There are 2 protein chains.
Amino acid sequence: MSDRRKSILEAAAQCIARNGVRGLRVHDVAQQAGVSTSLLYYHFKDRDGLLAATLDHINGTSSGYRVEGAGEATAFGRLRAHLLGEIQDRDEVRANSIAWNELRASAVFEPEIAGPLARTTGVWETEIAALVEAAQHEDQVRAGLDPKATAVLLTALVEGLSGRWLTGELTAEEARARLSDAIDSLVQT
Amino acid sequence: MSDRRKSILEAAAQCIARNGVRGLRVHDVAQQAGVSTSLLYYHFKDRDGLLAATLDHINGTSSGYRVEGAGEATAFGRLRAHLLGEIQDRDEVRANSIAWNELRASAVFEPEIAGPLARTTGVWETEIAALVEAAQHEDQVRAGLDPKATAVLLTALVEGLSGRWLTGELTAEEARARLSDAIDSLVQT
């Protein structure tokens, strides 16, 4: 990805995390990224194109900070690290989580967001389903579970607990503890 | 509750379900309820007071349509009915769920909503925790589980799966199936 394109997407995620999707103006994103509005339109066509690319960017960035799980010896360890990595008291993780949850909430009111959101959610679920399946081969996840249905459940749980964390009802530590217990009960052999 | 007060709260939930919290104007709610803006202010003081009362109203209404679970013979049956009742293809349930999820998302950006939301969420969690504890006495829920922590997890899962349902990624039926499986894995003896 070009540096310009990347700075625009980072700026969009920051603007959404600060003011929400409903208040998002393409002009403000361009200003925050230090580029012209016309360059932004050149890269992303329109506001919907920018939002769709921002969703992919957030999901890609999450994969980045999930990298810590890459060192885990087992697929089950990577699955846990991948899911728990979404809830961390780090500015970048928090901003991405706010932007993601806000895009989810906005999709109810802005149908143009729903399609790209479903597609990006599908990418995330596929990543999780692959880890579930790999952990089944290592006998650490119950063989009877459907990997895709399990991935839907686990990612929905991450979103639900993130909502409690981002509104201050749970600390990141408490949300991670709940998630950790749930992963074990839901899937572990 | 007075009829006037009730119609204002119903109107507020409908307005939020239609246009979100960010677009909510007290004047529109009064108009939808067929009352004067000054009567609305008399009952709820200001927009924040109206939002806080709307949260309680949504939670109370949910208890209403969960009533179907009241006929269940066991506490575990009531627990399941209570949670599954939140996801149903009925206009009233859907509108309440949209309004609730939107208030959750808005609380990240409007700190005045976060306090009332935490309080109402606490009421819901307490209801669920009581059912978890009763089901433990009937040996249908694992004795080692902490009722409050379990209630946090189950209600967060309802919110996460509702998000998938309301954005059209899961049908109500699929979301209920995922939730039903999860309740069994997470708590059942």
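For the structure, check the block above.
Attention in this report is confined to the structure presented alongside it. (Residues numbered from 1 in each chain as written. Chains lettered and ligands numbered in written order. Predicted model: local features only at pLDDT ≥ 70, side-chain atom pairs only at ≥ 80, totals over all residues.)

With respect to the overall build of chain A
Within chain A, the secondary structure is distributed over nine helices and zero strands. Taking 2.2 N^0.38 as the reference for a compact globule, 189 residues should give roughly 16 Å; the C-alpha atoms of chain A span a radius of gyration of 17 Å, in line with that estimate. For chain A, the C-alpha atoms occupy an extent of roughly 55 × 30 × 30 Å along the three principal directions. Counting every position in chain A, which comprises 189 residues, the buried fraction comes to 46%. Counting contacts in chain A only where the partners sit at least 6 residues apart, residues at least 24 apart contribute 64% of the total. (Helix = DSSP H or I, 4+ residues; strand = E, 2+ residues; numbered from the N terminus. Rg over C-alpha atoms; globule rule 2.2 N^0.38 Å. Buried ≥ 20, exposed ≤ 12 C-beta atoms within 10 Å, placed from the backbone. Contact = placed C-beta atoms within 7 Å.)

As for the interface of chain A and chain B
Between chain A and chain B, the residue contacts involve 32 residues of the former and 32 residues of the latter. Looking at the side of chain A that touches chain B, the elements that each hand over two or more residues are α6 (91-107), α7 (111-137), α8 (147-166) and α9 (172-187) of chain A. Ranked by residue count, the leading element in the side of chain A that touches chain B is α8 of chain A, at eleven residues.

Some details on the relation of the copies chain A and chain B
Of the transformation placing chain A onto chain B, the axial shift is 0.0 Å and the rotation is 180 degrees, giving an RMSD of 0.0 Å. On this basis, the relationship between the two copies can be described by a two-fold rotation axis. No C-alpha of chain A lies nearer the rotation axis than that of G160 of chain A, which sits 2.0 Å from it. The overlap is high: 100% of the interface residues of chain A also sit at the interface in chain B, so the same surface is used on both sides. (Least-squares fit on C-alpha atoms with pLDDT ≥ 70 in both.)

Structural notes on unusual backbone geometry
Here the phi dihedral of D139 of chain A falls at roughly 60 degrees; this positive angle occurs in a residue that is not glycine. Here D139 of chain A lies in the loop between α7 and α8.

Observations concerning the environment of A129 of chain A
All names here are of chain A. The topology assignment puts A129 in helix α7. Given 20 C-beta atoms within 10 Å, A129 falls into the buried group. Sequence spacing of A129 and K148 is 19 residues, and the spatial spacing of their C-alpha atoms is 5.2 Å. When near neighbours in sequence (up to four residues on either side) are disregarded, A129 contacts P147, K148 and A151.

Re the environment of Q136 of chain B
Residue and element names in this part refer to chain B. Relative to the helices and strands, Q136 is located in helix α7 (residues 111-137). Residues Q136 and T189, 53 residues apart in the sequence, show an inter-C-alpha distance of 8.9 Å. With residues near it in sequence (within four places) discarded, Q136 still touches V141 and A143.

Some points on the environment of G122 of chain A
Residues and elements named next belong to chain A. Tracing the sequence through the fold places G122 in helix α7. Here G122 falls in the partly exposed class, since 15 other C-beta atoms lie within 10 Å of it. Distance from G122 to G77, taken between C-alpha atoms, is 22 Å for residues 45 residues apart in sequence.

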